[in-house]
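Single-letter residue listing:
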Amino acid sequence: MNIELNKKLLDRLIKLSGSISGKLGRKITLMEVCGTHTTAISKSGLRGLLSPYMELLSGPGCPVCVTDQTDIDRILAFARLPGVVITSFGDMIRVPGTHASLEVERARGAHIEICYSPHEALSYAVQHIDKEIVFLGVGFETTAPAVALSIMEAKALGIINYSVLSVHKLVPPAMKALLADPELNVDGFILPGHVSVITGRKTFDFIASEYGIPSVIAGFEPVDIMEAIFLLLKQIVDKKTETMNGYARLVSEEGNIRAKKAIEDVFEPEDSSWRGFGLIPESGLAFKATYADFDAAARFPVEVPYSSPPEGCSCGEVLKGKIKPYQCPLFSVVCTPADPTGPCMVSSEGACAAYFNYGDE
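Reading guide: rules and limits
- Residue numbers run consecutively from 1 along every chain, following the written order of its sequence.
- Local features are withheld for residues below a pLDDT of 70 in this predicted model, meaning they are given only at 70 or higher, and side-chain atom pairs are given and counted only at 80 or more; totals for whole chains, interfaces and linings count all residues.
- The side-chain values count all of the structure's non-hydrogen atoms but skip hydrogen atoms and water molecules.
- Type-normalised accessible area, obtained with a 1.4 Å probe on protein chains alone, sets the label of each residue: buried when under 20%, exposed when over 50%, and partly exposed for intermediate values.
- Comment: elements are numbered from the N terminus, with helices defined as DSSP H or I runs of at least four residues and strands as E runs of at least two.
- We treat two strands as partners when DSSP finds at least two bridges between them.
- Orienting the strands away from the viewer, one traces the path from the first strand over the helix to the second; a clockwise path indicates a right-handed crossover.
- Any two cysteine sulfur atoms lying within 2.5 Å of each other are counted as a disulfide.
- Every axis in this analysis is a line fitted to C-alpha atoms, fitted for helices over the stretch in contact. Angles between the N-to-C directions lie between 0 and 180 degrees.
- What makes two residues a contact is simply this: any of their non-hydrogen atoms within 4.5 Å.
- Counted as salt bridges are all cases of a side-chain nitrogen of Lys or Arg within 4 Å of a carboxyl oxygen of Asp or Glu.
- Here the word oblique covers every angle except those under 35 degrees (roughly parallel), over 145 (roughly antiparallel) and from 65 to 115 (roughly perpendicular).
- Each crossing gets its handedness from the near helix: less than a right angle anticlockwise from the far helix is left-handed, clockwise is right-handed.
- In this classification, Asp, Glu, Lys and Arg are treated as charged, Ala, Val, Leu, Ile, Met, Phe, Trp, Tyr, Cys and Pro as nonpolar, and every other residue, Gly included, as polar.
- Working definition: rings of Phe, Tyr and Trp (its six-membered ring) pair if their centres are within 6.5 Å, and the pair is stacked with planes under 30 degrees apart, edge-to-face with planes over 60 apart, and tilted otherwise.
- The term nonpolar core refers to a set of buried residues drawn from Ala, Val, Leu, Ile, Met, Phe, Trp, Tyr and Cys, joined through side-chain atoms within 4.5 Å.

Chemist: What's the story with the pairing of strand 6 (residues 162-166) in this structure? I'm lost.
Modeler: Side-chain direction in a regular strand flips from residue to residue, so the side chains alternate between the two faces of the sheet. Here strand 6 lies mainly inside the structure; 5 of its 5 residues are buried. Taken together, the 5 bridges between strand 5 (residues 132-137) and strand 6 define a ladder with parallel strand orientation. What sits directly across from Leu136, in strand 6, is Leu165. Between strand 5 and its parallel partner strand 6, the chain crosses via helix 8 (residues 144-157), and the hand of that crossover is right-handed.

Shown next, in the form of structure tokens:
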């Protein structure tokens, strides 16, 4: 870490944001739409250091957090099926459903394995041909290619005891839903770096061209985030509106063509429900007919009882940037990382967990 560079950037940001805030007669409001950015901003102390002149809000950038309550309850229903093994990334294990969580179901006897990749889940299926292995396809454009490749490999190898519950989410449609909210008052967006590596910069041009709001794709080091904020402030000063690439060392104009093709080969867009937002058109990924045999939802039709978010939980409002985590009445009183009420306190990328762990207020 270049301490001197960070100090110079921070001093420059404080000076420029103070000047702009003074002219506007209010604080500047920026929103990041990436859980890794949420954590990095809190961990580095940037939120507090810039708070006299700037509000840094967290948006729907945590894939675990935005997974709809009904989908969580469907996952739990799968876990109760005899002969079914649920394989999942670790963050999903403790996300509360309406009546339980995967952690609770495992304690009750369900077979649940934590995997670090869909390929690991596929390998587990090969080693346990007497079991039905269901991988939970949770994530944005970043994780969807690896899931798609695992399905293609399973089909090519004739592995018939592997399936995926696709609750993937696509970021651009969610951005449109966010921008359509008349109550949203944001001066600029810090756009996700990992997602943009896959999608490419051009995918987010609509934010500037259709909505007239500046945005910058950012990396994840404090210097990356500060540079992105500076580029946003410059756009505000210069009265320009662009979707800029502040992470050019990894993000290209068109993105990762091979990764996008893998997604397109296996999946097609479908309407999908997001926590806090409801149904967003074409924001999820459904199986194409060619790979429909690997759709866990079709293979194991289950009845999902009425789903409801945890009583008093404000995760939906946090994800829309309507409130900050500490404004939820449950925050740090009832809801903590050790005993979470909502998903934003469970995930390492959740805003509530970041605020709790790093003392943001």
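Chemist: Whenever I open this one, the state of the cysteines confuses me. Can you help?
Modeler: Put plainly, two cysteines are in a disulfide when a covalent bond ties their sulfur atoms together. If you walk through the whole model with that rule in mind, you get 1 disulfide. Cys313 takes part in no disulfide bond, and the closest cysteine sulfur to it belongs to Cys315, at a distance of 3.5 Å. In this model Cys335 remains outside any disulfide bridge; the closest cysteine sulfur is found in Cys352, 6.2 Å from its own.

Chemist: Got a minute to help me understand the sheet that holds strand 5 in this structure?
Modeler: Hydrogen bonds between backbone atoms are what pair the strands of a sheet, whose relative direction is either parallel or antiparallel. Ordered by their spatial adjacency, 4 strands build an open sheet running 4-3-5-6, and the pairing between neighbours is parallel. On the outer flanks of this sheet lie strand 4 (111-114) and strand 6, each paired with one strand and no other. Recorded for the sheet is a direction-independent mean angle of 25° between the axes of neighbouring strands. Here helix 5 (residues 69-79) sits on the sheet and contacts strand 3 (84-88), strand 4, strand 5 and strand 6; the angle it forms with strand 3, its principal contact strand, is near 140°. Sheet strands in contact with helix 7 (residues 118-127) are strand 3, strand 4, strand 5 and strand 6, and its direction is about 170° off that of strand 5.

Chemist: Just checking my understanding: could you explain unusual backbone geometry for this structure?
Modeler: Leave glycine aside and you will find that most residues have negative phi; peptide bonds, for their part, are mostly trans. For Lys239, which is not glycine, the phi torsion reads 55° and is therefore positive. Residue position: Lys239 is located in the loop between helix 12 (222-238) and strand 9 (243-245). Unusually for a residue other than glycine, Glu282 sits at a positive phi of about 50°. Position of Glu282 relative to the elements: it lies in strand 11 (residues 278-287). Residue classification places Glu282 among the exposed residues on the basis of a relative accessible area of 52%.

Chemist: I tried to follow the side chain of Thr38 on my own but got confused; where do I start?
Modeler: For Thr38, the location among the structural elements is in helix 2 (residues 35-44). Contact partners of Thr38, with chain neighbours within four places excluded, come to Glu32, Arg47, Ser58, Glu349, Ala351 and Ala354.

Chemist: I'm lost on the pattern of salt bridges in this one. Help?
Modeler: Side chains that differ in charge, positive against negative, can pair when their charged atoms come close. What the rule picks out here adds up to 16 salt bridges. Note that Glu132 is salt-bridged to Arg299, the shortest N-O span being 2.8 Å. With Glu132 in strand 5 and Arg299 in helix 14 (residues 296-299), the pair connects residues that are 167 residues apart, well separated along the chain. On the basis of relative accessibility, which here comes to 25%, the residue Arg299 falls in the partly exposed class. Three or more residues are tied together by salt bridges with common partners; here these are Lys27, Glu55 and Lys324.

Chemist: Help me out: how do you make sense of the packing of helix 7 against helix 8 in this one?
Modeler: Think of two packed helices as two axes; the pair is described by the angle between the axes and how far apart they sit. The contact between helix 7 and helix 8 brings their axes to 8 Å, and the two run at 25°. One element, helix 7, and the other, helix 8, form an angle in the roughly parallel class. At the point where helix 7 passes helix 8, the crossing takes the right-handed sense. Contact with helix 7, carried on its side by Pro118, His119 and Leu122, involves Ala146, Val147, Ser150, Glu153 and Ala154 of helix 8 and no other residues of that element. Within the contact of helix 7 with helix 8, the residues separate by chemical class into 5 nonpolar, 2 polar and 1 charged.

Chemist: I keep staring at the packing of aromatic side chains and nothing clicks. Help me out?
Modeler: When we look at a pair of aromatic rings, we describe it by the centre distance and by the angle of the planes. Within the structure shown, the criterion is met by 9 aromatic pairs. Each ring, one from Tyr326 and one from Tyr355, has its centre 6.2 Å from the other, and the planes form 45°; the classification is tilted. Separated by 29 residues along the polypeptide, Tyr326 in the loop between helix 15 (315-319) and helix 16 (351-358) and Tyr355 in helix 16 bring together distant segments of the chain. Here Tyr326 falls in the partly exposed class, since its relative accessible area comes to 31%. In this structure Tyr355 comes out as buried when scored by relative accessible area, which is 2%. Geometrically, the ring pair formed by Phe331 and Phe356 is edge-to-face, given 6.2 Å between the ring centres and 75° between the ring planes. Of the two residues, Phe331 sits in the loop between helix 15 and helix 16 while Phe356 sits in helix 16, which places them 25 residues apart along the sequence.

Chemist: Before we go on, may I ask you to explain the nonpolar core in this structure?
Modeler: Nonpolar side chains in soluble globular proteins tend to end up buried together. Among the nonpolar cores identified, the biggest contains 64 residues, and Ile86, Leu102, Val134, Met175, Phe189 and Ile207 are the most heavily contacted of them. Beyond its immediate chain neighbours, meaning those up to four positions away, Met175 contacts Val33, Phe189, Leu191, Phe204, Phe206 and Ile207. Listed in part, the 25 residues of the second largest apolar core include Phe135, Ala148, Ala154 and Ala262.

Chemist: Honestly, the sheet that holds strand 1 (residues 28-32) in this entry has me stumped. Any pointers?
Modeler: The strand order across the open sheet built from 5 strands is 2-1-7-8-9, with neighbouring strands paired in parallel fashion. Sheet topology places strand 2 (54-58) and strand 9 at the edges, where each strand pairs with a single neighbour. With direction set aside, neighbouring strand axes in the sheet form an average angle of 20°. Across 3 bridges, the pairing between strand 8 (residues 215-217) and strand 9 is parallel. Within the sheet, the bridge partner assigned to Ile217 lies in strand 9 and is Asn245.

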